[in-house]
Amino acid sequence: MEIIRVKDYETMSKKASEIVADRVKTLENPILGLATGSTPEGMYRYLIEKYQAGEVSFKSAKSFNLDEYVGLSADDKNSYNYYMFDKFFNHVDILKENVNLPNGTATDLKQACLDYDQKIKDAGGIDIQVLGIGVNGHIGFNEPGTPFTMRTHVVDLTESTRQANSIYFSSLDEVPTQAFTMGIGTIMESKEIILLAYGESKANAIAQMLKGEVTEDLPASILKNHPNVTVIADEKALSQIGRAHV
């Protein structure tokens, strides 16, 4: 696991965009695993800039998102589908048919999960997966206690996760109680993973991930068992880690 210590959010975002853009340029048909939320927004902004400058094209890329809320349609402004098109896809040349997210309005949730995992497998697996980390150490929506072997599944969101995500909704009551998420087993099959973290609120989770044992009580800790992980984190997120660990 490589840890890149950066000064702030912008530097983290720029570095992440450079890594992703490099993979898109060097791989023939890159398969991207993408995340939502405030953490990767800056990365998407820099990737758009690179596309507009003619530095990178996403025409040959396919994307698979980590998660989606159960019950929200693709055009719902709070859905992750809407977020991805608003923050990224509408501004680059990725083909719409190559964009994949879990179907938030699926009627058969179990089958939708199986279908999503199969789609990833049929595409050849994810080349580079972008992750954030929750204050409780979750990755995707894999909350503490999620088995490391879990595939794409539907999860009941914890109160802390719903509270953290309520900033995007009018009220906590509007935040869905369930979500689709790639399972940890699915995530760990990615050929490369980059985890982004910034701010003091993530410091404890990062410290536990880097210094603690590998345990299902801290889902992100499993990343220590992956052969190709890069953590890009700012000074605040690494504030509980001595420089000797970085």
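Please refer to the structure higher up on the page.
An account of the accompanying structure is given in this report. Please read these numbers as outputs of a predicted model, since none were measured by experiment. (Residues numbered from 1 in each chain as written. Predicted model: local features only at pLDDT ≥ 70, side-chain atom pairs only at ≥ 80, totals over all residues. Heavy atoms only, no water.)

Observations regarding the layout of surface pockets
So, step 1. Roughly 770 Å³ of volume is contained in the largest pocket.
So, step 2. In terms of lining, the largest pocket is formed by 40 residues, of which the most central are Thr 36, Gly 37, Ser 38, Asn 165 and Tyr 168.
So, step 3. Put simply, the parts of the chain that give the lining of the largest pocket at least two residues each are β4 (67–69), α3 (80–87), β6 (128–131) and α5 (159–165).
So, step 4. The element best represented in the lining of the largest pocket is α3, accounting for five residues.
So, step 5. Counted by class, the lining of the largest pocket contains 19 nonpolar, 15 polar and six charged residues. (1 Å grid on protein atoms, 1.4 Å probe; cavity = no way out; pocket = protein on both sides within 12 Å on 5 of 7 lines; lining within 4 Å. Points joined across faces, edges and corners; volume = space filled by probe spheres on them. Helix = DSSP H or I, 4+ residues; strand = E, 2+ residues; numbered from the N terminus. Nonpolar A, V, L, I, M, F, W, Y, C, P; charged D, E, K, R; others polar.)

Structural notes on the sheet that holds strand β10 (residues 229–234)
So, step 1. Taking strand neighbours across the sheet as the criterion, the seven strands line up as β1-β10-β9-β6-β2-β3-β5 in an open arrangement whose pairing is parallel. The open sheet is flanked by β1 (2–6) and β5 (99–100), the only strands paired with a single partner.
So, step 2. As judged from the four bridges shared by β6 and strand β9 (residues 192–197), these two strands associate in the parallel manner. Within the sheet, the bridge partner assigned to Leu 131 lies in β9 and is Leu 195. (Pairing = 2+ DSSP bridges.)

Thoughts on the environment of Lys 211
So, step 1. Looking at the secondary structure, you find Lys 211 in helix α7 (residues 203–211).
So, step 2. Of the residues examined, Lys 211 reaches a relative accessible area of 47% and is grouped as partly exposed.
So, step 3. Put simply, Lys 211 and Ser 221 are 10 residues apart on the chain and 9.1 Å apart in space, counted from C-alpha to C-alpha.
So, step 4. Engagement of the side chain of Lys 211 in a polar contact is seen with the backbone oxygen of Gln 240, the distance being 3.3 Å. (Buried < 20%, exposed > 50% of the residue type's maximum accessible area, 1.4 Å probe, protein only. Polar contact = N/O pair within 3.5 Å; in protein donor to acceptor, adjacent residues only side chain to side chain.)

Side note on the sheet that holds strand β7 (residues 153–156)
So, step 1. Ordered in space as β4-β8-β7, the three strands form an open sheet in which the pairing is antiparallel. Each of the sheet's edge strands pairs with one partner strand only, and the pair in question is β4 and β7. For this sheet, the mean inter-axis angle between neighbouring strands, taken without regard to orientation, is 30°.
So, step 2. Where β7 lies against strand β8 (residues 178–181), four bridges are found, and the strand directions are antiparallel. Pairing of His 153 across the sheet is with Thr 181, part of β8. (Axes fitted to C-alpha atoms, helices over the stretch in contact; angles between N-to-C directions.)

With respect to the packing of helix α1 (residues 9–26) against helix α2 (residues 41–52)
So, step 1. Contact pair α1 / α2: the axes reach a minimum separation of 8 Å and the direction vectors enclose 55°. Between α1 and α2, the angle falls in the class oblique. As for the relative orientation of α1 and α2, their crossing is right-handed in sense. Contact residues: Tyr 9, Glu 10, Ser 13, Lys 14, Ala 16, Ser 17, Glu 18, Val 20 and Ala 21 in α1; Glu 41, Gly 42, Met 43, Arg 45, Tyr 46, Leu 47 and Lys 50 in α2. (Parallel < 35°, antiparallel > 145°, perpendicular 65-115°, else oblique. Left-handed = near helix turned anticlockwise from the far one by under 90°. Contact = heavy atoms within 4.5 Å.)

Looking at α7
So, step 1. Ala 203, Ala 205, Ile 206, Ala 207, Met 209 and Leu 210 are the residues of α7 that are buried.
So, step 2. In this structure, the buried residues of α7 make contact with β1, β9 and β10.

Regarding the pairing of strand β3 (residues 62–65)
So, step 1. With four bridges joining them, strand β2 (residues 31–34) and β3 adopt parallel strand pairing. By the bridge assignment for β3, Leu 34 is matched with Asn 65.
So, step 2. Crossover β2 to β3 through α2 is right-handed.
So, step 3. Examined bridge by bridge, β3 and β5 share two bridges and lie parallel to one another. Across the sheet, the residue bridging to Ser 63 is Val 99, located in β5. (Right-handed = clockwise from strand over helix to strand, strands pointing away.)

As for the packing of aromatic side chains
So, step 1. Counted by the stated rule, this structure contains 11 aromatic pairs.
So, step 2. Geometrically, the ring pair formed by Tyr 69 and Phe 141 is tilted, given 5.9 Å between the ring centres and 40° between the ring planes. Highlighted residues: Tyr 69 in strand β4 and Phe 141 in the loop between β6 and β7, separated in sequence by 72 residues. Both residues of the pair, Tyr 69 and Phe 141, count as buried.
So, step 3. On the basis of an interplanar angle of 75° and a centroid distance of 5.1 Å, the ring pair of Phe 85 and Phe 89 is categorised as edge-to-face. For the pair formed by Phe 85 and Phe 89, the shared burial category is buried.
So, step 4. Members of the aromatic cluster, connected to one another through ring pairs, are Tyr 44, Phe 58, Tyr 83, Phe 85, Phe 88 and Phe 89. (Phe/Tyr/Trp six-rings, centres within 6.5 Å; stacked < 30°, edge-to-face > 60°.)

Observations concerning the nonpolar core
So, step 1. With 41 residues, the main nonpolar core has Phe 58 and Phe 88 as its most contacted residues.
So, step 2. Elements with a minimum of two residues in this core: β1, α1, β2, α2, α3, β6 and β9.
So, step 3. Residue contributions to this core peak at seven residues, all from α1.
So, step 4. The residues contacting Phe 88, other than those within four sequence positions of it, are Leu 34, Tyr 44, Leu 47, Ile 48, Phe 58 and Tyr 83. (Core = buried A, V, L, I, M, F, W, Y, C linked by side-chain atoms within 4.5 Å.)

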